[in-house]
Amino acid sequence: QVQLVESGGGLVQPGGSLILSCVATGRIRRVYGMGWYRQTPGKERELVGKVTVEGHTGYAASVMGRSTISRDNAKNTLYLQINSLTPEDTAVYYCYADIDDMTTSRPDSYWGRGTQVTVSS
């Protein structure tokens with residue numbers, strides 16, 4: 001079974017920075033689009049950033065200019081850096097990926113379990 005495992009969450013002071021990582025493991029044939037989403041209780045999950053296999057990126061307006069999403073295709077790993085953090089960035093951050101595994105002929109969607117990011121002094 002393919003799994004996505006996030007890491008790097010925790011408590012960060014306002015104005016600080018963090019880097020989140022997500023690694024895809026399992027019988028993977030190919031990883032396609034990947035992205036980071038976040039969710040706060042009572043709100044819908046929202047896209048933070050996304051990146052294609054070729055490295056093309058997109059960001060939510062709320063983080064544009066202070067975030068960088070990247071990937072290492074050789075390691076099946078996704079990263080997200082966010083600078084100038086505010087309490088509004090507090091959320092559970094989820095890794096997403098479209099992946100062809102050894103049992104499918106077209107990509108399936110996978111989600112990580114999430115990592116908590118809390119921005120507070």
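Shown above is the structure to which this text applies.
These numbers come from a predicted model, not from an experiment.

> Explanation requested: unusual backbone geometry in the structure shown.
What is expected of a backbone is that most residues other than glycine have negative phi and most peptide bonds are trans. Phi at asparagine 76 is positive, roughly 50°, even though this residue is not glycine. Within the secondary structure, asparagine 76 is located in the loop between strand E7 (67–72) and strand E8 (77–82). With a relative accessible area of 22%, asparagine 76 lands in the partly exposed category. You will see that serine 84, though not glycine, has its phi angle at about 50°, which is positive. As for its placement among the helices and strands, serine 84 is situated in the loop between E8 and strand E9 (91–101).

> How should the state of the cysteines be read in this particular structure?
Linking two cysteines covalently via their sulfur atoms produces the bond known as a disulfide. Counted according to the given criterion, the structure contains 1 disulfide. The disulfide partner of cysteine 22 is cysteine 95, and the gap between their sulfur atoms is 2.0 Å. On the S-S bond that ties cysteine 22 to cysteine 95, the torsion sits near -80°, and the link is left-handed. Residue cysteine 22 is located in strand E3 (residues 18–25), and its partner cysteine 95 is located in strand E9; the two are separated by 73 residues in the primary sequence.

> Even after reading the chapter, I still don't get the packing of aromatic side chains, so can you show me in this structure?
According to the stated counting rule, one finds 3 aromatic pairs in the structure shown. For the ring pair tyrosine 37 and tryptophan 111, a centre distance of 4.9 Å and an interplane angle of 65° mean the geometry is edge-to-face. In this pair, tyrosine 37 sits in strand E4 (residues 28–39) while tryptophan 111 sits in strand E10 (residues 108–111), placing the two residues 74 residues apart along the sequence. Positioned over the ring face of tyrosine 94 is arginine 45, at 3.7 Å from the centre of the ring. The ring of tryptophan 111 is capped by arginine 45, whose NZ or CZ atom sits 4.6 Å from the centre of that ring.

Conventions used here
- Residues numbered from 1 in each chain as written.
- Predicted model: local features only at pLDDT ≥ 70, side-chain atom pairs only at ≥ 80, totals over all residues.
- Heavy atoms only, no water.
- Helix = DSSP H or I, 4+ residues; strand = E, 2+ residues; numbered from the N terminus.
- Buried < 20%, exposed > 50% of the residue type's maximum accessible area, 1.4 Å probe, protein only.
- Disulfide = S-S within 2.5 Å.
- Phe/Tyr/Trp six-rings, centres within 6.5 Å; stacked < 30°, edge-to-face > 60°.
- Lys NZ or Arg CZ within 6 Å of the ring centre and 35° of its normal.

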